[in-house]
Amino acid sequence: MNKEKYIQQELLKTTQSFIRILLSVGALAILILIILDYFATPEHFEAFLIYRVIAAFLYIALFLIYKKVNKLHLIFLTLGTLIVSIMVELMILSLGGHQSAYYAGFIIISIFLFGLVPISLKSSLFLASIIYGTYLLPILVFDKITNLHIFFNNNIFLLATIFSALLWRHINYKIHIKKLSLEYELAQDKKQLADYSHQLEDMVEERTKELRKSETMLKSLYENANDGIVI
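Regarding the pattern of salt bridges
Turning to step 1, where the next piece is worked out: Tallied over the full model, the rule gives three salt bridges.
Turning to step 2, where the next piece is worked out: Between Lys13 and Glu10 there is a salt bridge, and its shortest N-O distance comes to 3.5 Å. Taken together, the residues Lys13 and Glu10, both in helix α1 (residues 3-32) and three residues apart, mark about one turn of the helix.
Turning to step 3, where the next piece is worked out: Between Asp37 and Arg52 there is a salt bridge, with the nearest N and O atoms lying 2.5 Å from each other. Residue Asp37 is located in helix α2 (residues 34-40), and its partner Arg52 is located in helix α3 (residues 45-69); the two are separated by 15 residues in the primary sequence.
Turning to step 4, where the next piece is worked out: The exposure class assigned to Asp37 is buried, which follows from its relative accessible area of 1%.
Turning to step 5, where the next piece is worked out: Of the residues examined, Arg52 reaches a relative accessible area of 4% and is grouped as buried.

What follows is the structure in structure tokens.
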């Protein structure tokens, strides 16, 4: 197996593991934050509870399906991102739209996604566009922007968070690739040392056989000599 194939194989294993973690822990986190809804906006608690239960159920369904197929990773990540992003956006539109503090939910999504799953920069940018697009487009279409100050502040803070998360993901991804590359090279060096060790053992065994054969021959000559031998 060459280095590139080894790195891709190990990345795949890590990605599969973290997607399963993301979907299972994500479902739990969605439900736990019901407590926040109860204290922050009790008048919307029942509606938000329905949103969260549906999103958590879909996450569990995705987790069970992904556990069986173990492929189509970007599709499952996209679906997971869309589900929770739509849930948060519905809450935002119910709570003042562009003025809602629930935009922080998209920050949590970004941290969870880009902090866990080892995906490439290209895939990260695609998912980041889904997150930000899900936040911004419904507000522009369905909400009347009356407070430009808060609207711009929220957007700048959200974009700064997404950019920071993307930068972290890119750096971490490069570090992970470098680590896997070093692991491969160390494994190859270890294999070469093992091969050299076996070769040396074979050489020693062969030389030992030759010495024994020579010793046996000299002993036979000595014991069966017809002439006298003086030492």
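Following the structure, the description resumes.
Some points on the packing of helix α5 (residues 104-116) against helix α6 (residues 121-142)
Turning to step 1, where the next piece is worked out: At a minimum axis separation of 11 Å, α5 and α6 run at an interaxial angle of 165°. Comparing the axis directions of α5 and α6 gives the class roughly antiparallel. Along this stretch, α5 crosses α6, giving a crossing that reads as right-handed. Facing Phe106, Ile109, Ser110, Leu113 and Phe114 of α5, the residues of α6 in contact are Ser124, Leu127, Ala128, Ile131, Thr134 and Tyr135.

Some words on the packing of aromatic side chains
Turning to step 1, where the next piece is worked out: Per the counting criterion, the structure on display carries nine aromatic pairs.
Turning to step 2, where the next piece is worked out: Judged by centre distance (5.4 Å) and plane angle (85°), the ring pair of Tyr38 and Phe45 falls under edge-to-face.

Here's the deal with a negative patch on the surface
Turning to step 1, where the next piece is worked out: Residues Glu201, Asp202, Glu206 and Glu210 make up a contiguous surface patch of negative charge.
Turning to step 2, where the next piece is worked out: Secondary-structure assignment places Asp202 in helix α7 (residues 148-223).
Turning to step 3, where the next piece is worked out: Asp202 sits in the partly exposed class, given a relative accessible area of 49%.

Rules of the game
- Once a new chain begins, its residue numbering starts again from 1 and follows that chain's sequence as written.
- A pLDDT threshold of at least 70 governs which residues receive local features in this predicted model, and a stricter bar of 80 or more applies before side-chain atom pairs are shown or counted, although totals over entire chains, interfaces and linings include all residues.
- No hydrogens and no water enter the side-chain calculation; it runs on all heavy atoms of the structure.
- Salt bridges are identified by distance alone: a Lys or Arg side-chain nitrogen within 4 Å of an Asp or Glu carboxyl oxygen.
- Strands are runs of DSSP state E lasting at least 2 residues, helices are runs of H or I lasting at least 4, and numbering of each runs from the N terminus.
- To sort residues, take the accessible area from a 1.4 Å probe on protein chains only and compare it with the maximum for the residue type: under 20% means buried, over 50% means exposed, and anything in between is partly exposed.
- Note on geometry: axes are lines fitted to C-alpha atoms, helical ones only across the stretch in contact, with angles between N-to-C directions running from 0 to 180 degrees.
- In what follows, roughly perpendicular refers to angles from 65 to 115 degrees, roughly parallel to angles under 35, roughly antiparallel to angles over 145, and oblique to any angle outside these ranges.
- Two helices that cross are described as forming a left-handed crossing if the nearer one is turned anticlockwise from the farther one by less than a right angle, and a right-handed crossing if clockwise.
- It only takes one pair of heavy atoms within 4.5 Å for two residues to be counted as in contact.
- Paired rings are identified among Phe, Tyr and Trp, the last through its six-membered ring, by centres lying within 6.5 Å, and are further divided according to the angle between planes into stacked (under 30 degrees), edge-to-face (over 60) and tilted (the rest).
- The patches described consist of residues with a relative accessible area above 30% and no salt bridge, like charges being joined within 9 Å and nonpolar side chains (Val, Leu, Ile, Met, Phe, Trp, Tyr) within 5 Å.
- In this description, accessible areas are obtained by the Shrake-Rupley approach with a 1.4 Å probe, and a residue is regarded as covered only by the protein chains that are shown.
- The charge count treats Lys and Arg as positive and Asp and Glu as negative. His and the chain ends do not count.
- In this description, the location of a charge corresponds to atom NZ of lysine, CZ of arginine, CG of aspartate or CD of glutamate.

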